[in-house]
Amino acid sequence: MFVKLAVPGSLTNTPDTPTLRLMDKLSPESIAAGLGTRWLARPDRIYYYERTGSTNDEARRLALAGAPEGTLVIAEEQTAGRGRLGRRWLAPAGEALLFSILFLPPLAAHEAYPLTMVASLACLHAVEAETGLHPTLKWPNDLLLKGKKLAGMLSELGQVDDRLYCIIGIGLNVNVDFAAAPELRTQATSLRLSLSHPVPRLPLLQAILRRIEAGYDALRAGHSPYPAWVTHLGTLGQAVRVTTSEGSFAGVATSADPDGALYITLPDGSMRRILTGDVQGLRPFVETQGNS
Ligand code: BTN
């Protein structure tokens, strides 16, 4: 199902307390301060916008202009935020984490999927560490809390100077309260809604960035994120409806492989392997993207 959220900026901000607002203020300086990464989001690699079209688009522009690996593009608000499968991604200004990271991996395009595994695991573990909540992964790389969408990821590949670049864009509903579109609360959630109090974005962002750097370094050293990724993949064992460019079918999600493909067992016992598409849980909940 394609669900549209209200237009950007129409949802209320989260000015819960002056203290939180101060703690929550993002800036290139505050992001870099105490981050401790070696190559990701170093002070000269942070592009911060109050408002931009899409951080993925901005990261692509920077990639094509020769920006280094580990460039971070982050925005308080996007006017043309994009989700997977051509959907829109909308979030009220200042309430979500909306950012994209540029990677220049020594990989072929078909080998790049583990990068998104690294990013989704980094988000999952950072949310656990910072909030005590325990999200699961929905194939391919969404984060869910109790079956509702907490975060989504948009991975885009291209070439610059005969080299692969990969941009991973992450949208994480931190303090979104869906006040202007409460019907979305049946499908989407935020850390604030789950905890009943607002959550400071800066430490969470830094926790994610540190984990992405460590995970990417491990990947480059030959350690696959697949075992951890598949362990957290809540889609497995579920009855699902799959929609691909070739049509839609129902089955049970039985396994996933290190390339990120999902295997669906059909009612006649045959198996289908999918690499792109949309998967909706049929039981025990009907899950759809909440921000698009
Ligand atoms: C999805 O679940 O469909 C993926 C959503 C990805 C949204 C993020 S927000 C930051 C980055 N910029 C974009 O335009 N999209 C990604």
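Before any of the text, the structure's been laid out above.
Now for a quick tour of the structure. The shown structure was predicted, so the numbers you read here are calculated from the model rather than taken from an experiment.

For Ser 54, the position within the fold is in the loop between strand 1 (46-52) and helix 3 (55-64). For Ser 54, the side chain forms a polar contact with the main-chain nitrogen of Asn 56, separated by 3.2 Å. Once residues lying within four places of it in the same chain are set aside, the contact partners of Ser 54 are Gln 78, Ala 80, Gly 81 and Arg 82.

Read from one edge to the other, the open sheet built from seven strands follows the order 1-2-3-7-6-5-4, with strand pairing classed as mixed. The outermost strands of the open sheet, each flanked by one partner alone, are strand 1 and strand 4 (136-138). Along the sheet, successive strands turn relative to each other by an average axial angle of 20°, direction set aside. Across seven bridges, the pairing between strand 3 (residues 97-103) and strand 7 (residues 163-172) is antiparallel. Across the sheet, the residue bridging to Leu 102 is Ile 167, located in strand 7. Where helix 4 (residues 113-131) meets the sheet, it contacts strand 3, strand 4, strand 5 (142-145), strand 6 (148-160) and strand 7, and its direction lies at approximately 30° from that of strand 7.

We now examine helix 3. Among the residues of helix 3, Thr 55, Asn 56, Glu 58, Ala 59, Leu 62 and Ala 63 are the ones counted as buried. Buried residues in helix 3, looked at end-on, bunch into an arc of 160°, giving them a common side. Two to three positions downstream of the cap, the backbone nitrogen of Asn 56 sits 3.2 Å from a side-chain oxygen, assigning the N-cap of helix 3 to Ser 54. At the exit of helix 3 stands Gly 66, carrying a positive phi of roughly 95°.

Scanning all chains against the criterion turns up five aromatic pairs. Between Trp 39 and Phe 103, the aromatic rings sit 6.4 Å apart at their centres with planes inclined by 70°, giving edge-to-face as the arrangement. Of this pair, Trp 39 sits in the loop between helix 2 (28-32) and strand 1 while Phe 103 sits in strand 3, and the two are 64 residues apart along the sequence. Classification of Trp 39 by relative accessible area gives buried; the value is 12%.

Quick look at the environment of Gly 260 now. Within the secondary structure layout, Gly 260 lies in the loop between strand 9 (247-256) and strand 10 (262-265). Linking Gly 260 and Ala 112, residues 148 residues apart in sequence, is a C-alpha distance of 9.7 Å. What Gly 260 contacts, discounting residues up to four positions off in sequence, is Tyr 113, Met 117, Trp 139, Trp 229 and Leu 275.

Next up on the list: the nonpolar core. Ranked by internal contacts, the top residues of the largest apolar core, which has 62 residues, are Leu 97, Phe 99, Leu 209 and Trp 229. Ranked by residues supplied to this core, first place goes to helix 4 with 11 residues. Mapping this core onto the domain boundaries places at least three of its residues in each of domain 1 (17-231) and domain 2 (239-291). Not counting chain neighbours up to four residues away, the residues in contact with Trp 229 comprise Tyr 113, Met 117, Ser 120, Leu 121, Leu 137, Trp 139, Pro 140, Asn 141, Ala 256, Asp 257 and Gly 260. Of all hydrophobic cores here, the second largest spans 10 residues; its members include Ala 59, Ala 63, Leu 104 and Ile 167.

This part covers unusual backbone geometry. Keep in mind that most residues, glycine aside, have a negative phi and that most peptide bonds are trans. Residue Pro 140 is reached from Trp 139 by a cis peptide bond, and omega for that bond is 0°. Looking at the element boundaries, Pro 140 is found in the loop between strand 4 and strand 5. Even without glycine at this site, Ser 196 takes up a positive phi of about 65°. Overall, the relative accessible area of 67% leaves Ser 196 in the exposed class.

With that settled, consider the site of the ligand. Taken together, 20 residues are adjacent to the ligand, and Ser 54, Gln 78, Arg 82, Arg 84 and Lys 149 come closest. A distance of 2.7 Å separates an oxygen atom of the ligand from a polar side-chain atom of Ser 54. In the complex, the protein chains occlude 99% of the 420 Å² of accessible area that the ligand would expose alone. Elements supplying a minimum of two residues to the shell around the ligand: helix 3, strand 3, strand 6 and strand 7. Broken down by element, the residue count for the shell around the ligand peaks at four residues, all from strand 6. Looking at side-chain class alone, the shell around the ligand contains six nonpolar, 10 polar and four charged residues.

Across the two faces of strand 12 (residues 278-281) the burial is the same, with Asp 278 and Gln 280 and Val 279 and Gly 281 all buried. Note: strand 8 (residues 239-244) against strand 12, four bridges, orientation antiparallel. Each bridged residue has a counterpart across the sheet, and for Val 242 the counterpart in strand 12 is Val 279.

A full pass over the atoms with the stated rule returns 15 salt bridges. A salt bridge links Asp 44 to Arg 45; its shortest N-O distance comes to 4.0 Å. A salt bridge links Asp 259 to Arg 273; the shortest N-O distance between them is 3.8 Å. Here Asp 259, found in the loop between strand 9 and strand 10, pairs with Arg 273, found in strand 11 (residues 271-274); they are 14 residues apart in sequence, far enough to count as distant. Classification of Asp 259 by relative accessible area gives partly exposed; the value is 43%. Among the residues examined, Arg 273 registers a relative accessible area of 41% and is labelled partly exposed. Three or more residues joined by partner-sharing salt bridges are found here, namely Asp 57, Arg 60, Arg 82 and Glu 156.

Rules used throughout
Residues numbered from 1 in each chain as written. Predicted model: local features only at pLDDT ≥ 70, side-chain atom pairs only at ≥ 80, totals over all residues. Heavy atoms only, no water. Helix = DSSP H or I, 4+ residues; strand = E, 2+ residues; numbered from the N terminus. Polar contact = N/O pair within 3.5 Å; in protein donor to acceptor, adjacent residues only side chain to side chain. Contact = heavy atoms within 4.5 Å. Pairing = 2+ DSSP bridges. Axes fitted to C-alpha atoms, helices over the stretch in contact; angles between N-to-C directions. Buried < 20%, exposed > 50% of the residue type's maximum accessible area, 1.4 Å probe, protein only. Arc of directions from axis to C-beta. Phe/Tyr/Trp six-rings, centres within 6.5 Å; stacked < 30°, edge-to-face > 60°. Core = buried A, V, L, I, M, F, W, Y, C linked by side-chain atoms within 4.5 Å. Domains from an automatic or database assignment. Near = heavy atom within 4 Å. Areas by Shrake-Rupley, 256 points an atom, 1.4 Å probe, with all protein chains shown as cover. Nonpolar A, V, L, I, M, F, W, Y, C, P; charged D, E, K, R; others polar. Salt bridge = Lys/Arg side-chain N within 4 Å of Asp/Glu carboxyl O.

Nothing here speaks to function; it is geometry throughout.
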